[in-house]
Each structure stands twice: as structure tokens, then as C-alpha cells.
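# Structural description and commentary
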Amino acid sequence: MSGERAARQGGRRPRVLLAVCGGIAAYKACEVLRGLQKAGCDVRATMTADAERFVGTATFEALSGAPVATSLYGNPGSPIPHIELAEWADAAVVVPATANVMAKMACGIADDCLTTTILACPCPVLVAPGMNVHMWQNPATQANAMTLRARGVSFVGPDSGRLACGDVGEGKLAGVGEIVAAALALLVPNDLAGVRLLVNAGPTHEAIDPVRYIANRSTGKMGYAIAEAAARRGAEVTLVSGPTALPAPAGVRRVSVESAEQMHDAMLSAFADADAAICSAAVADYTPAAPAGHKLKKSREHLDAIELVETSDILADLCAAKGGRVIVGFAAETDDLIAHASEKLRRKGADLIVANDVSRPESTFGADTNRVALVSAAGVEQLETMPLADVANAILDRVCELGTVPNSHK
Ligand code: CTP
């Protein structure tokens, strides 16, 4: 992710304000900045005077490509920098959040550029505390954290561990990846909260014998991107995955399968309490009729012709049991894209078919982008070439528009 969703909505990249406070973990804010940029965000920084004692503004300026706001005065071209920055940001991250800055935030004190900007922010704010264990556990800090949480401020960490001061305990800044993920979560809507979404992804392996199998070129990237984006938007995601090299996305329940038959059984059983399903897997259409239990020897056994039988169509079987639930299928084609996709929409009974031309480099197997057409009863919508996470969010937007809500399965 991505704040890809914010990016698509405004036709621009999501903007994150990094508010760096004066703690030893200030250097980690540089990595947070980088992580956010890698996820597609525009980042600008503001720093307290104490933060500048740990890391210079030049570092954040070079990394962000923008001036760092450290003072409310004397900014040529920006007479009211705190308001400008606060209105610019889609989300703000305070990292490392010191006990002092948290206390000021809880009291609404605005006595420098950073605290004034945070006070003026209408956007969601994330606090990543980093401090000594006793400072964190002090009832004053705990009360301030509670006040901020009650006002809708999000927190990530602190973790427990060895602290810079030598003490061991709670107060350690959360991991950079965790902070980035928590910041990105602020940029996406929670419009799938409570929805149970079933997704399948990847290829299937159809055994010829214990050594050989029939497979296809699918990597699972598209389906994994959908599962990840849906989880970020609040869905409870079950991902039935064929063999892939991909790690399970955070917060997603993965069920690993190999064959088309296993995928069929896992999907049909999980669909019983799913509210919607997205079938992106490249399921084998045929499987060996009688896979051998031992390795076939080419010298004495038949490998020149393998008898195949058709597999069950998972998408069609889900659609037969769908009731009012939304089901999305895919069509990977090399020619007559829209005609084939429209035919699959009708034949299988899906609500939407995501059609992509796998003969094009931007939408082929393993690519990090896709160029899809969304084919439904409402017509054909051709989307631009986009990163997979953006395509995933566009598909999820349609899943919402088609009426997916929690408990659709009941
Ligand atoms: N699909 C499925 N079960 C199968 C075959 C396909 O669920 N046994 C699903 C895919 O996950 C995809 C959609 O059906 O969502 C279309 O898959 P595709 O392979 O493009 O189409 P097929 O139905 O296999 O038709 P053809 O091979 O003729 O293109």
C-alpha cells in the first residue's frame, strides 16, 4: 500500500507529515520517511529544536526533497507554515513521540512549530512513543496517552526491550515497518470493516506423479495485493493460496493448497461464512486423471501422453451458491479480451470480471503493474496501467459499490 487509495482519489500521492521530536530514536524517523516514500507517499517533516540536536534538518531535507519546518517565523514563501503544512497533510506521524510532546498534545499546547502544526492538523494523527521506561510508565504520561487515544489519536508501540539509557522495559520505539504500516493504515478508509472477504490466488499444481506436476505462470501477486489491500480497509480476509513464493500479508488468514481440487474444497467450505469472494487464482482447467503414486520411469512407463480430466470450476460453483453476495472473477486472456470476459461473466454468473491481457508486459504474469478492464452488467470500464495495490483498491471499490456489507452471508 500504500496510501494508493488516497493517491487515486485525488489524482496525487498521499501526503504524510513527519513530526520528529527530540529523542535518541530520532534517527529512526529517517527510515520511517524512506519507508513511507517507498510506499508511494509524499513526506514533509517538521522538527522540534531538541530533535535538531539528534539529527540535522539537512538529512530530512535531502530525504524528503522539501524544506523542514522548524520555526513559525521567517519562512519566505510560507508566512503561515503550520497551517499550510497541517492542511497539506493526509496524515501526520509523531516519531519518536517524547513524553513532553505527548503532554503538550494532550493539553493543546502549541509553543513551537511542531506542536502548533500538530494542533492545527485536521487529518488523522499517529503517535509512535519512544522514551525511558519510567517516563513512559509515569501516570502523567499514561494519562496523556489515554487522553489522546480517547480523542482518536492512533498509537503504535512502544515496544519492550533494552532502551538507549540502559534500562530494560517498555518505551522502545516500535519497529520502522510497524510505524510505516500504521501510518499507511491512516490513509485508507475503513469501508470494509467487518466484511468477511474470501480471495484465492496463485497457480495450482496438478500432480502427474510425486515429482512432476502441471502448473501455469501465475505468481499470485494480484490476489495477494487484493488480500493485503482489503485487510487494510478493515476486511477479515481468508486467502486460499496455491503454491507461491509470497509471504502472507499482515492480518490475512492464509490457507495453503496445491491442487485445483484442494482449492475448490477450501473455497467452497470458507464461502459458507464469507460476505464476498474474489477469484483471482489461475486454477488449472485440467488435471491428470490418475496421478501415479511413485515416480514414473520414462524408459518403461508412459510419459508421452497423460490423460487429463477437467477440474471443477470454483468460480461457477461459488456463483451457484452466492445468494445476494458479490463475487468477482478474473479473465486472463491473450486476445478478444472483452468478448471473452463478457462471456465468462454470463457463463459463470459473477457480478464482475476483471479482465487483463497477459500478452502485454504491463499486465503479464509476475508484473508489478496491471492494466485491467472491469466488465459487469453495467458495462466495461477500462482502467489505466497501475501498480497492483492501486488495481486491488479499484476492484475493492467496486466490491463496496456492488453492495458488500458485513453479514451478507446470513
Ligand atoms: N476459475 C475457477 N475454476 C476453474 C477455472 C477457472 O474458479 N477450474 C476461475 C478463475 O479463478 C477466474 C475465472 O474462473 O476467476 C476465469 O478463469 P479463466 O482461466 O480465465 O477461464 P476459464 O473458465 O478457465 O476459461 P478458458 O480457459 O476457456 O479461458
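Treat the numbers as computed from the prediction; the structure is a model and nothing was measured.

### Structural notes on the side chain of Asp 275
Here Asp 275 is to be found in the loop between α12 (260-271) and β13 (276-279). The buried charged residue Asp 275 lacks any salt bridge partner; its closest oppositely charged side chain belongs to Arg 196, at an N-O distance of 5.3 Å. Within the local environment of Asp 275, its side chain forms a polar contact with the backbone nitrogen of Asn 407, the two atoms lying 3.2 Å apart. In terms of polar contacts, Asp 275 uses its side chain to reach the side chain of His 409, at 2.6 Å.

### Observations regarding the site of the ligand
Taken together, 17 residues lie near the ligand, and Cys 279, Ala 281, Leu 315, Lys 344 and Lys 348 sit nearest. Ala 281 has a polar backbone atom sitting 2.7 Å from an oxygen atom of the ligand. Within the side chain of Lys 344, one N or O atom sits 2.7 Å away from an oxygen atom of the ligand. Contact with the protein chains covers 79% of the free accessible surface of the ligand, which is 570 Å². When atom positions are compared with the pocket grids, the ligand is found to occupy the largest pocket. Residue assignment for the shell around the ligand shows that the elements contributing at least two residues are α13 (314-320), β16 (326-333) and α14 (337-348). The leading source of residues in the shell around the ligand is β16, at four residues. A class-by-class count of the residues in the shell around the ligand yields nine nonpolar, three polar and five charged.

### Things to note about the domain arrangement of the chain
Here the chain is described as being made up of domain 1 (14-185) and domain 2 (196-401). In this structure, domain 1 and domain 2 have C-alpha centres spaced 41 Å apart.

### Side note on a nonpolar patch on the surface
A cluster of nonpolar residues, Ile 24, Tyr 27 and Phe 54, forms a patch on the protein surface that exposes about 320 Å² of accessible area. Mapping Ile 24 onto the fold places it in the loop between β1 (15-20) and α2 (28-38).

### Considerations on the packing of helix α11 (residues 221-232) against helix α15 (residues 388-401)
Running from amino to carboxyl end, α11 crosses α15 at an angle of 60 degrees, the nearest separation of the two axes being 8 Å. The handedness of the crossing between α11 and α15 is right-handed. Contacts between α11 and α15 involve Lys 221, Met 222, Ala 225, Ile 226, Ala 229 and Ala 230 from the former and Leu 388, Ala 389, Val 391, Ala 392, Asn 393, Ile 395 and Leu 396 from the latter. Per-class residue counts for the contact of α11 with α15 are 11 nonpolar, one polar and one charged.

### Regarding the state of the cysteines
As used in these notes, a disulfide is a covalent bond between sulfur atoms, one from each of two cysteines. On inspection of all chains with the given rule, the structure shows zero disulfides. Between Cys 107, a cysteine without a disulfide, and Cys 21, which holds the nearest cysteine sulfur, the sulfur-to-sulfur distance is 15 Å. Cys 107 sits in the exposed class, given a relative accessible area of 58%. Note on Cys 400: no disulfide assigned, nearest cysteine sulfur contributed by Cys 279 at a separation of 17 Å.

### Quick notes on the pattern of salt bridges
Here the idea is simple: oppositely charged side chains can pair when their charged atoms come close. Scanning the model with the defined rule gives 16 salt bridges in all. With a closest N to O distance of 3.6 Å, Arg 44 and Glu 84 form a salt bridge. Residue Arg 44 is located in strand β2 (residues 42-47), and its partner Glu 84 is located in helix α5 (residues 81-88); the two are separated by 40 residues in the primary sequence. The exposure class assigned to Arg 44 is partly exposed, which follows from its relative accessible area of 23%. Relative accessible area serves as the criterion here: at 39%, Glu 84 is assigned to the partly exposed category. We note a salt bridge from Lys 348 to Asp 313, for which the minimum N-O separation is 2.7 Å. Here Lys 348 is found in helix α14, whereas its partner Asp 313 is found in the loop between β15 (308-310) and α13, with 35 residues between them in sequence. For Lys 348, a relative accessible area of 17% corresponds to the buried category. In the salt-bridge network here, residues are joined through shared partners; they are Asp 191, Arg 233 and Asp 397.

### Thoughts on the sheet that holds strand β12 (residues 253-256)
One open sheet accounts for eight strands, arranged β12-β11-β8-β13-β16-β17-β18-β19; its pairing is mixed. On the outer flanks of this sheet lie β12 and β19 (379-387), each paired with one strand and no other. Each neighbouring strand pair of the sheet contributes to a mean axis angle of 20 degrees, computed without reference to strand direction. Pairing of β13 with β16, which is carried by four bridges, proceeds in the parallel orientation. The residue of β16 that forms the bridge with Cys 279 is Gly 329. Contacts from α12 reach β8 (196-201), β11 (236-241), β12, β13 and β16 within the one sheet, and its direction differs from that of β8 by about 170 degrees. Packing of α15 onto the sheet brings it into contact with β8, β13, β16, β17 (352-357), β18 (369-376) and β19, and relative to β19 it is tilted by some 150 degrees.

### Observations concerning helix α9 (residues 139-150)
Between its first and last C-alpha atoms α9 spans 16 Å; for 12 residues at 1.5 Å apiece the expected length is 16 Å, and the two agree. Thr 141, Asn 144, Ala 145 and Leu 148 are the residues of α9 that are buried. Seen along its axis, α9 keeps its buried residues to an arc of 100 degrees; they face one direction. Exposed residues on α9 whose side chains face more than 90 degrees from its buried face are Pro 139, Met 146 and Ala 150.

What counts and what doesn't
- Residues numbered from 1 in each chain as written.
- Predicted model: local features only at pLDDT ≥ 70, side-chain atom pairs only at ≥ 80, totals over all residues.
- Heavy atoms only, no water.
- Helix = DSSP H or I, 4+ residues; strand = E, 2+ residues; numbered from the N terminus.
- Buried < 20%, exposed > 50% of the residue type's maximum accessible area, 1.4 Å probe, protein only.
- Lys, Arg positive; Asp, Glu negative; His and termini not counted.
- Salt bridge = Lys/Arg side-chain N within 4 Å of Asp/Glu carboxyl O.
- Polar contact = N/O pair within 3.5 Å; in protein donor to acceptor, adjacent residues only side chain to side chain.
- Near = heavy atom within 4 Å.
- Areas by Shrake-Rupley, 256 points an atom, 1.4 Å probe, with all protein chains shown as cover.
- 1 Å grid on protein atoms, 1.4 Å probe; cavity = no way out; pocket = protein on both sides within 12 Å on 5 of 7 lines; lining within 4 Å.
- Sits in = over half its atoms within 2 Å of the grid points.
- Nonpolar A, V, L, I, M, F, W, Y, C, P; charged D, E, K, R; others polar.
- Domains from an automatic or database assignment.
- Patch = residues over 30% accessible without salt bridge, like charges linked within 9 Å, V, L, I, M, F, W, Y side chains within 5 Å.
- Axes fitted to C-alpha atoms, helices over the stretch in contact; angles between N-to-C directions.
- Left-handed = near helix turned anticlockwise from the far one by under 90°.
- Contact = heavy atoms within 4.5 Å.
- Disulfide = S-S within 2.5 Å.
- Pairing = 2+ DSSP bridges.
- Expected span 1.5 Å × (residues − 1).
- Arc of directions from axis to C-beta.

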